[in-house]
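Below are the chains, spelled out letter by letter.
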Amino acid sequence: MDIITLAQVSGSLSVIGYGIATLGPGLGLGILFGKAMESTARQPEVSSKIQMIMFIGLALVEVLGLLGFVAALIVK
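Parameters at a glance
- Residues numbered from 1 in each chain as written.
- Predicted model: local features only at pLDDT ≥ 70, side-chain atom pairs only at ≥ 80, totals over all residues.
- Heavy atoms only, no water.
- UniProt positions renumbered as here; feature names shortened; annotations may be inferred.
- Helix = DSSP H or I, 4+ residues; strand = E, 2+ residues; numbered from the N terminus.
- Contact = heavy atoms within 4.5 Å.
- Salt bridge = Lys/Arg side-chain N within 4 Å of Asp/Glu carboxyl O.
- Expected span 1.5 Å × (residues − 1).
- Buried < 20%, exposed > 50% of the residue type's maximum accessible area, 1.4 Å probe, protein only.
- Arc of directions from axis to C-beta.

Naming follows an unreviewed UniProt entry, where the protein chain appears as ATP synthase subunit c of Bifidobacterium jacchi. Its UniProt record gives the protein chain the following Sequence similarities (unreviewed entry) comment, quoted word for word: "Belongs to the ATPase C chain family." Taken directly from UniProt, the Subcellular location (unreviewed entry) text for the protein chain runs: "Cell membrane".

Enquirer: I'd love a proper account of the environment of phenylalanine 33, names of residues and values included.
Expert: Note that phenylalanine 33 resides in helix α2 (residues 23-42). Taking the C-alpha atoms as reference points, phenylalanine 33 and phenylalanine 55, separated by 22 residues in sequence, lie 9.7 Å from one another. Each residue touching phenylalanine 33, except ones within four places of it in the same chain, is listed here: Met54 and Leu58.

Enquirer: Lay out the pattern of salt bridges in plain terms, naming residues and giving numbers.
Expert: This structure, assessed with the given rule, holds 2 salt bridges. In this structure, lysine 35 engages glutamate 38 in a salt bridge whose closest nitrogen and oxygen atoms are separated by 3.8 Å. With lysine 35 and glutamate 38 both in helix α2 and 3 residues apart, this pair spans about one turn of that helix. Residues arginine 42 and glutamate 38 are paired through a salt bridge, measuring 3.3 Å at the closest nitrogen-oxygen approach. You can see arginine 42 and its partner glutamate 38 sitting in helix α2, 4 residues apart, about one turn around the helix.

Enquirer: Lay out α2 in plain terms, naming residues and giving numbers.
Expert: Along its 20 residues, α2 runs 29 Å from first to last C-alpha, staying within 8% of the 28 Å computed at 1.5 Å per residue. The complete set of buried residues in α2 reads Pro25, Leu29 and Ala36. Burial along α2 is one-sided: seen end-on, the buried residues are contained in an arc of 45°. Exposed and oriented more than 90 degrees from the buried face of α2 are Leu23, Leu27, Ile31, Lys35, Ala41 and Arg42.

And the structure:
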């Protein structure tokens, strides 16, 4: 294999790695919003506190997605 072929394979692997890295935050967001809706339906009187905690969790999950994106860019 020559060097150009190895560089193409390396670039493709970083894109695949980023694709796999987005699975975690995607699943996390789904679980986060589902549980927030469930808990709001069970106790509507604390919905403002649940919403605040949900947004904090949303920010943390989004940071994971951004870290995966930055890691994919750095590897190139």
